[in-house]
Amino acid sequence: MYEFNYIYGAILIDRNLDKVQKIINEMSSSDEFYYFHASMFSQGSNKYPSFYNSYIISFSRTFKYFGYDLNEFNEFIWNIESFLDQIDFDSAMIHIGGMYNDQDLFWINKKMGNKEKLGIKGIQYYETDKWFFGFGAINLSTGIINRVPNDKNEMFHIQYPNFKYPIIKK
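Residues numbered from 1 in each chain as written. Predicted model: local features only at pLDDT ≥ 70, side-chain atom pairs only at ≥ 80, totals over all residues. Heavy atoms only, no water.

What follows is about the nonpolar core. Ranked by internal contacts, the top residues of the largest apolar core, which has 42 residues, are Ile11, Phe83, Leu84, Trp107 and Phe163. Excluding its chain neighbours within four sequence positions, the residues that come into contact with Leu84 are Ile11, Phe89, Ala92, Trp107 and Trp131. Within the second largest apolar cluster, 6 residues are counted, among which are Ile123, Phe132, Ile138 and Ile145. (Core = buried A, V, L, I, M, F, W, Y, C linked by side-chain atoms within 4.5 Å. Buried < 20%, exposed > 50% of the residue type's maximum accessible area, 1.4 Å probe, protein only. Contact = heavy atoms within 4.5 Å.)

In structure tokens:
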């Protein structure tokens with residue numbers, strides 16, 4: 001990525017908004033979450049009618065000189081996944097953009113998705129014991145791929161030729 005970058009995304013959570021808001025607020029006092037932290041979130045309101053079963057929380061931020069090396073990108077992914085690991089989410093997606101590169105990343109909780117949804121368009125994804133992680137845009141409600149990476153995804157592999165998943169915190 002290059003000098004001016006932006007990130008935005010959304011997470012579909014299952015019911016327990018109060019718990020998620022508490023975890024987000026705790027992130028603000030932690031040095032562990034540098035790239036993905038509480039000030040990024042629009043937390044919304046839990047004052048919805050009782051027939052709502054899930055909530056979407058959104059987040060965004062800008063960076064200057066983000067992602068120049070693989071370690072920085074890995075730290076960003078690790079921050080996001082540390083957060084996702086603490087909440088009950090269905091799916092999450094992030095768009096990373098800038099002057100020269102755009103990336104769409106997704107996570108689908110295994111309780112919601114399956115490999116068949118991911119394989120129909122030849123999407124590049126990785127599987128852990130908890131979720132699927134991959135490159136492309138998804139429908140948050142269904143976990144189905146909406147858009148596969150465009151040619152700019154090649155830039156990702158050029159910039160980060162040694163990218164390996166899952167990210168392990170050192």
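Moving on: helix H1 (residues 17–27). The set of residues buried in H1 consists of Leu17, Val20, Gln21, Ile23, Ile24 and Met27. For H1, the angular spread of buried residues about the axis comes to 160°, placing them on one side. In this fold, the buried residues of H1 make contact with strand S1 (4–14), strand S2 (41–42), strand S3 (54–64) and helix H2 (70–84). (Helix = DSSP H or I, 4+ residues; strand = E, 2+ residues; numbered from the N terminus. Arc of directions from axis to C-beta.)

On to the pairing of strand S5 (residues 102–109). Extensive coverage of S5 is indicated by the burial of 7 of its 8 residues. Sheet topology places S5 next to strand S7 (residues 131–135); 5 bridges connect them, and they run antiparallel. Within S7, the residue paired with Trp107 across the bridge is Phe133. (Pairing = 2+ DSSP bridges.)

This part covers the sheet that holds S5. Strand order in the open sheet made by the 7 strands is S2-S3-S1-S4-S5-S7-S6, with antiparallel pairing throughout. A strand with exactly one partner marks an edge of an open sheet, and here the two such strands are S2 and strand S6 (125–127). Sheet topology note: the S2/S3 ladder contains 2 bridges and is antiparallel. The partner of Ser42 across the bridge, within S3, is Ser58. Of the strands in this sheet, S1, S2 and S3 are in contact with H1, which crosses S3 at around 20°. (Axes fitted to C-alpha atoms, helices over the stretch in contact; angles between N-to-C directions.)

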